[in-house]
Amino acid sequence: MVYGHPVRREGLWLSVLGPLRAWRDAEEINLGAPQQRTLLAVLLVRCGDPVMMREIIDVLWPENPPSTVTNVVQRYISQLRRLLPPDTLMRSAGGYFLDLGPDSVDLMEFRGRVAEAAAIEHRDPARATDVLVDALRLWRAPVAANVDSAIRFAPMFVELDNELVTVALQTTRLALGLGRAGQLLPVLHAAAAAAPLNERLQAAIMQVLAATGCAAEALARFAAFRSRLSDELGVEPGPQLMAVHRAILDGAPLESGAAAEADPQPAARPGIRLAQLPADLPTFAGRSGAIERLSSFLRGHGDGSASARIVAVSGLGGIGKTTLAVHCGHLLDADFPGGQLYVNMRGFDPSGACVKPQDALRSFLTALGVSERDQPQDLDAQVALYRSMIAGRQIIVVIDNVRDSQHARPLLPGTPGCAAIVTSRDALTGLIVAEGALPVVLNLLSRAEAEVMLEQRLGARRVATEPGAVDEIIAYCVGVPLALAIFSARAATHPQFALGQLSAELAEASHRLDSFGRTDGDNDLRAVFSWSYDLLGDSSARLFRLLAIHPGPAFGATTAASLMAVDTRTGAELLGELGRANLLIEYEPGRFRMHDLVRAYSAELLVSGEPEDERRTATRRLLDHYLHGSLAATAHLDSHRRLDSAALEPPVAGVTVERFADFETALNWFAKERPTLLMVLDQAVAFHADTHVWYLAWAMDSFVRRHDFWRDWEATQLCALAAAQRLGDVWMQAWSSLVLGHIYYESEWNVSGEGEHYLLEAVALFAAAGDRLHQAHAHRNLAAQLGDFGRPAEERRQNEAALSLYLELERDSPGSVPPDYIASVHEALKIWEQGLPYALKSVKYLDGAGNHREAGAWNILAHIHVGLHNWTECVAAAERSFTLYQAIGNEYLAGVALHQVAIVLVPAGRPVEARAMLERAVQIFRRIGHQRAESAQELLDSTGTQQTTESETDSPVSGVR
């Protein structure tokens, strides 16, 4: 079976481990409307067990089901019964179930194989590993990948995706222990597609890559994953993944199965008290009423109440919720001897990337001493284990910056003795109503509290010397702690300025900003921001305005330079000035973020302070900056990729294009900038910059393909295709269709017919554009798909079409088609004699390239010699392919080059050459832990008795590849 594609069987076959699909006698069944398909998916996930009507309704209509919902479900049931065999979809008390066996449903076959492996694991781990790998090959993508994405978050689907992760890690543990890592990468990549932020899966993939001699790729994967965690969740990798990374860097041996089985070191040590709260603010001031109310409530946690005590702290951004929660957590330290847990859920992060409850629970469980191996994947199971671990331990949990009540609920302790402080800009009504949380709403600081805050930050003497100025400052800052902090930072760093001077500037700013037309307290907060803004130099003030154009979560000096049309050094200096003014946050050296309130203010200034033509020019520079930077980076990732960029204009004046020293720096840039690049693509669409849209998608292709960001790849190419259609560029449409054909065919959530549809489009569009070379490529790709889908006649027709075009091009323009392309199609069609000259020419053409393509050309030549029964030449070509693959570090393909040819040498009566090849192939496969070792060894053992002559094999390469 080809990994990643649906299995087809005689009779009925239903597949839910990936896109929902169904066949009857190898003919695909149309499953009807989307909700009807979803209902079938629900029944398949629970195959054999009844699904109650209430649960069906909750999954199909998460909100606002129609009044006739029961009739609608029954109609879908009737239509599904027409598609399925009689007595298959059965009614039970209050619900329905499918009466099918493992010969009809991929999920049931999967579970049967997992059970079989469990039964034999102790006595035959090698066989158990093979069974598990076969089971995982049934799993082609996230469960029911083609149903509505919102519905796929229903617990039944999420739990089944987590089941994949668990089995994949179990398989990794077994295979690594046996030294057979090579066969695992496809199934691990599939599991990672279903759980892209699971660190144990990433650690397992890195360890398998290292075990198969691909340490550089393992390190590159770590860099990309680390950036993804930082950009999307704002967290660093956990200790297990970091330990695997360090071991690979150091070249140290990794324990067999360590990534999948156990943490490199204990997650927590006995005797170490939990103390995760950030440091208390030494200048904390005010909020005495809120502190008293909150502390009194939480100190009553041992009064015999039946549940944990919860406080819900809410208020606007910048009002001091986090500061209060952390301060109270420290004040209550003695009341909670079990320690403190803390997480920032980033519910209102400007990037829009919240921390998921599953990830927060994982960090909590690790802190509580639960190894990664022992942590369940299912959210409900995580919650249950977490609450069990803290029960009776008198722990206080601070859950900071949640988006809403639901975001916090899985992290709440469940038993008396523990307590939680939850903060949010949301009112958290759900926690107050359902969980009995104490509401603490933070309002503006009182005048007295604001004065104390100024005293804490500026010193009591300085504040006391200018009481009038202090009154004015407090009035202009309207009791917003963030505004007071910004003011205090400026005043503290310039003690030579009288507070009266600073107050006068605030007053001027307030009058000058009346044009914003606000009458609420935000008006004076803007005054504080504008005061900081007005103290900037002209250039840094302009950069502050222009940064509102930037759509992404973070930026650096080259981006600032392009926005401003200045050099990189100046861009860095301007960002530094904004950072010192507390208008930007330098979260890592050279990388900056902007507080969302400050960003909103910047956006208002952009409109009022920059003419429209200047805004458009700066936007064009920003688009050029990211487009040409992406093109420069992809040139390092895939140096062989070439594109006729005649339609692409050079960067406009003032753009600073990123430069990359090597592959690693280019890869890291893509990993760090991926969220921004996706937003820039959307910005280009809105800007009607269709040429930028298409070329940016083309430039991102290498990175998203390399790291299996299938959703990003699909989204960017769909944007590119739409842009090409708007441009009316047939060739661009053809290229995007060609890529989409590959995506829908190869991706882990292949949608039936989509890959074939786009490739047929590509064939037609390339023909219309007069590009016969790429038309031939599209025919070859389509042939590969049709072959995998069991349609050999159509496969042959597409290969013949490709060959016809290649030969036609060669006649019209000799040398225009790389000879290895032509040789490969001859080999696929088994046209040995005609293909031989091209194969010979291709190895000469690629001589000295020292890459996979040269090694592959020798391999094609070897197989053509097999077809011609030129055994001596076949052996020589296979040996050359073997040598080249070894030289570039691909041991697996080196072994395959020998093994494939040895398979046909044995029945051809050439046992001596076959034995020499097989001995080396077995050695390689065993060293990398690949399953081919067994079949190669069996063939090697038989070479002493095989004496079949050449004439007894009339199709020597049939079935070899």
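Residues numbered from 1 in each chain as written. Predicted model: local features only at pLDDT ≥ 70, side-chain atom pairs only at ≥ 80, totals over all residues. Heavy atoms only, no water.

## Description of the overall build of the protein chain
Here is step 1 of the chain: A tally of helices and strands in the protein chain yields 42 helices and 14 strands.
Here is step 2 of the chain: Taking all 961 residues of the protein chain together, the buried fraction comes to 55%.
Here is step 3 of the chain: Pairs at least 24 residues apart make up 69% of the contacts formed inside the protein chain by residues separated by at least 6 positions.
Here is step 4 of the chain: Total accessible area computed for the protein chain in this model is approximately 39,000 Å², and 52% of it derives from carbon and sulfur atoms. (Helix = DSSP H or I, 4+ residues; strand = E, 2+ residues; numbered from the N terminus. Buried < 20%, exposed > 50% of the residue type's maximum accessible area, 1.4 Å probe, protein only. Contact = heavy atoms within 4.5 Å. Areas by Shrake-Rupley, 256 points an atom, 1.4 Å probe, with all protein chains shown as cover.)

## Let's talk about the pairing of strand β9 (residues 339–344)
Here is step 1 of the chain: Counting buried positions along β9 yields 5 of 6 residues, so the element is predominantly enclosed.
Here is step 2 of the chain: As paired strands, strand β7 (residues 274–275) and β9 are joined by 2 bridges and run parallel to one another. Pairing of Leu-274 across the sheet is with Gly-339, part of β9.
Here is step 3 of the chain: The sheet contact formed by β9 and strand β10 (residues 395–400) spans 6 bridges and is parallel. Bridging across to β10, Gln-340 finds its partner in Ile-396. (Pairing = 2+ DSSP bridges.)

## As for unusual backbone geometry
Here is step 1 of the chain: Although it is not a glycine, Arg-287 adopts a positive phi angle of roughly 60°.
Here is step 2 of the chain: Positionally, Arg-287 belongs in the loop between β7 and α12 (288–299).
Here is step 3 of the chain: With phi around 60°, His-688 is a residue other than glycine that occupies positive phi space.
Here is step 4 of the chain: Within the element layout of this structure, His-688 appears in the loop between α29 (663–686) and α30 (690–706).

## Structural notes on the packing of aromatic side chains
Here is step 1 of the chain: A full pass over the atoms with the stated rule returns 11 aromatic pairs.
Here is step 2 of the chain: With a centroid separation of 5.5 Å and 10° between ring planes, the pair formed by Tyr-744 and Tyr-758 is classed as stacked. Here Tyr-744, found in helix α32 (residues 730–746), pairs with Tyr-758, found in helix α33 (residues 754–769); they are 14 residues apart in sequence, far enough to count as distant.
Here is step 3 of the chain: Given a relative accessible area of 13%, Tyr-758 falls into the buried group.
Here is step 4 of the chain: One aromatic cluster in this structure is built from Trp-694, Tyr-695, Trp-731, Trp-735 and Phe-766.
Here is step 5 of the chain: If you follow Arg-920 out to its NZ or CZ, it ends over the ring of Phe-882, 5.1 Å from the centre. (Phe/Tyr/Trp six-rings, centres within 6.5 Å; stacked < 30°, edge-to-face > 60°. Lys NZ or Arg CZ within 6 Å of the ring centre and 35° of its normal.)

## Notes on the confidence of the model for the protein chain
Here is step 1 of the chain: Looking at the protein chain, pLDDT values average 80 and 84% of them are 70 or higher.
Here is step 2 of the chain: Within the protein chain, the element-level pLDDT minimum falls on helix α11 (residues 258–261), averaging 42, and the maximum on helix α25 (residues 557–564), averaging 96.
Here is step 3 of the chain: Within the model, the stretch residues 256–271 combines pLDDT values under 50 with 39 contacts to residues more than four positions away or in other chains.
Here is step 4 of the chain: Confidence drops under a pLDDT of 50 for residues 945–961, and excluding neighbours within four residues, the segment shows 34 contacts in the predicted structure. (pLDDT = per-residue confidence, 0-100.)

## Here's the deal with the nonpolar core
General note: in soluble globular proteins, nonpolar side chains tend to be found buried as a group.
Here is step 1 of the chain: Counting residues in hydrophobic clusters, the biggest one holds 86 residues, and the most contacted among them are Val-16, Leu-39, Val-73, Leu-98, Phe-110 and Phe-157.
Here is step 2 of the chain: A total of 11 residues in this core trace back to one element, the largest contributor, which is helix α6 (residues 155–178).
Here is step 3 of the chain: Every residue in contact with Leu-98, bar those within four places of it in the chain, is listed here: Leu-40, Leu-43, Leu-44, Cys-47, Gly-48, Leu-84, Thr-88 and Leu-89.
Here is step 4 of the chain: Grouped together as the second largest cluster of nonpolar side chains are 80 residues, Leu-543, Leu-606, Trp-698 and Phe-766 included. (Core = buried A, V, L, I, M, F, W, Y, C linked by side-chain atoms within 4.5 Å.)

## Quick word on the pairing of β10
Here is step 1 of the chain: Of all 6 residues that make up β10, 6 are buried, and the element is covered over most of its length.
Here is step 2 of the chain: Burial along β10 is two-sided: the residues Ile-395, Val-397 and Ile-399 and Ile-396, Val-398 and Asp-400 are all buried.
Here is step 3 of the chain: Examined bridge by bridge, β10 and strand β11 (residues 419–424) share 4 bridges and lie parallel to one another. Across the sheet, Ile-396 pairs through a bridge with Ala-419, a residue of β11.

## Quick word on α12
Within an α-helix, residues lying three or four positions from one another point in the same direction, as the helix has 3.6 residues per turn.
Here is step 1 of the chain: Between the first and last C-alpha of α12 there are 16 Å, a value that for 12 residues agrees with the 16 Å anticipated at 1.5 Å per step.
Here is step 2 of the chain: Against β8 (309–314), α13 (321–331), β10, β11 and β12 (438–441) lie the buried residues of α12. (Expected span 1.5 Å × (residues − 1).)

## Examining the pattern of salt bridges
Here is step 1 of the chain: Under the criterion given, the structure shown has 28 salt bridges.
Here is step 2 of the chain: Across the pair Arg-362 and Asp-359 runs a salt bridge whose closest N-O atoms are separated by 3.5 Å. Here Arg-362 and its partner Asp-359 are both found in helix α14 (residues 357–367), 3 residues apart, which amounts to about one turn of the helix.
Here is step 3 of the chain: We classify Asp-359 as buried; its relative accessible area is 12%.
Here is step 4 of the chain: The closest approach of N and O atoms between Arg-542 and Glu-610, which form a salt bridge, is 3.3 Å. On the criterion of sequence distance, the pair formed by Arg-542 in helix α24 (residues 538–546) and Glu-610 in the loop between α27 (596–609) and α28 (612–637) is long-range, its members being 68 residues apart.
Here is step 5 of the chain: On the basis of relative accessibility, which here comes to 5%, the residue Glu-610 falls in the buried class.
Here is step 6 of the chain: Bridged by salt links that share partners, the residues Arg-542, Arg-545, Glu-610 and Glu-614 form one connected network. (Salt bridge = Lys/Arg side-chain N within 4 Å of Asp/Glu carboxyl O.)

## Looking at the sheet that holds strand β3 (residues 27–28)
Here is step 1 of the chain: Taken together, the 3 strands give an open sheet; going across it, the order is β1-β2-β3, and neighbouring strands pair in antiparallel fashion. Strands at the two margins of the open sheet, each flanked by one partner only, are β1 (12–15) and β3.
Here is step 2 of the chain: For β1 and strand β2 (residues 21–24), the ladder comprises 4 bridges, and the chain directions are antiparallel. Following the sheet pairing, Trp-13 is matched in β2 by Trp-23.

## Some words on the side chain of His-628
Here is step 1 of the chain: Tracing the chain through its elements places His-628 in helix α28.
Here is step 2 of the chain: The exposure class of His-628 is buried, given its relative accessible area of 11%.
Here is step 3 of the chain: Discounting residues that sit within four places of it in the chain, His-628 has contacts with Leu-648, Glu-649, Pro-650, Pro-651 and Val-657.

## A word on the sheet that holds β11
Here is step 1 of the chain: Across the sheet, 6 strands lie side by side as β7-β9-β10-β11-β8-β12; this open sheet has parallel pairing. One side of each edge strand has no neighbouring strand; the edge strands of this open sheet are β7 and β12.
Here is step 2 of the chain: In the packing of α13 onto the sheet, contacts are made with β8, β9, β10 and β11, and the angle to β11 comes to roughly 165°.
Here is step 3 of the chain: Contacting β7, β9 and β10, α14 runs over the sheet at an angle of about 155° to β9. (Axes fitted to C-alpha atoms, helices over the stretch in contact; angles between N-to-C directions.)

## Observations regarding the environment of Met-389
Here is step 1 of the chain: Mapped onto the elements of the fold, Met-389 is located in helix α15 (residues 379–390).
Here is step 2 of the chain: Excluding its chain neighbours within four sequence positions, the residues that come into contact with Met-389 are Leu-365, Leu-368 and Val-370.

## Brief notes about the packing of α25 against α28
Here is step 1 of the chain: Where α25 contacts α28, the axes come no closer than 8 Å and their chain directions differ by 145°. Seen along the crossing, α25 lies across α28 with a hand that is right-handed. Taken together, the residues of α28 that come into contact with α25 (itself represented by Thr-558, Thr-559, Ser-562, Leu-563 and Met-564) are Ala-618, Arg-621, Leu-622, His-625 and Tyr-626.
Here is step 2 of the chain: Per-class residue counts for the contact of α25 with α28 are 5 nonpolar, 4 polar and 1 charged. (Left-handed = near helix turned anticlockwise from the far one by under 90°. Nonpolar A, V, L, I, M, F, W, Y, C, P; charged D, E, K, R; others polar.)

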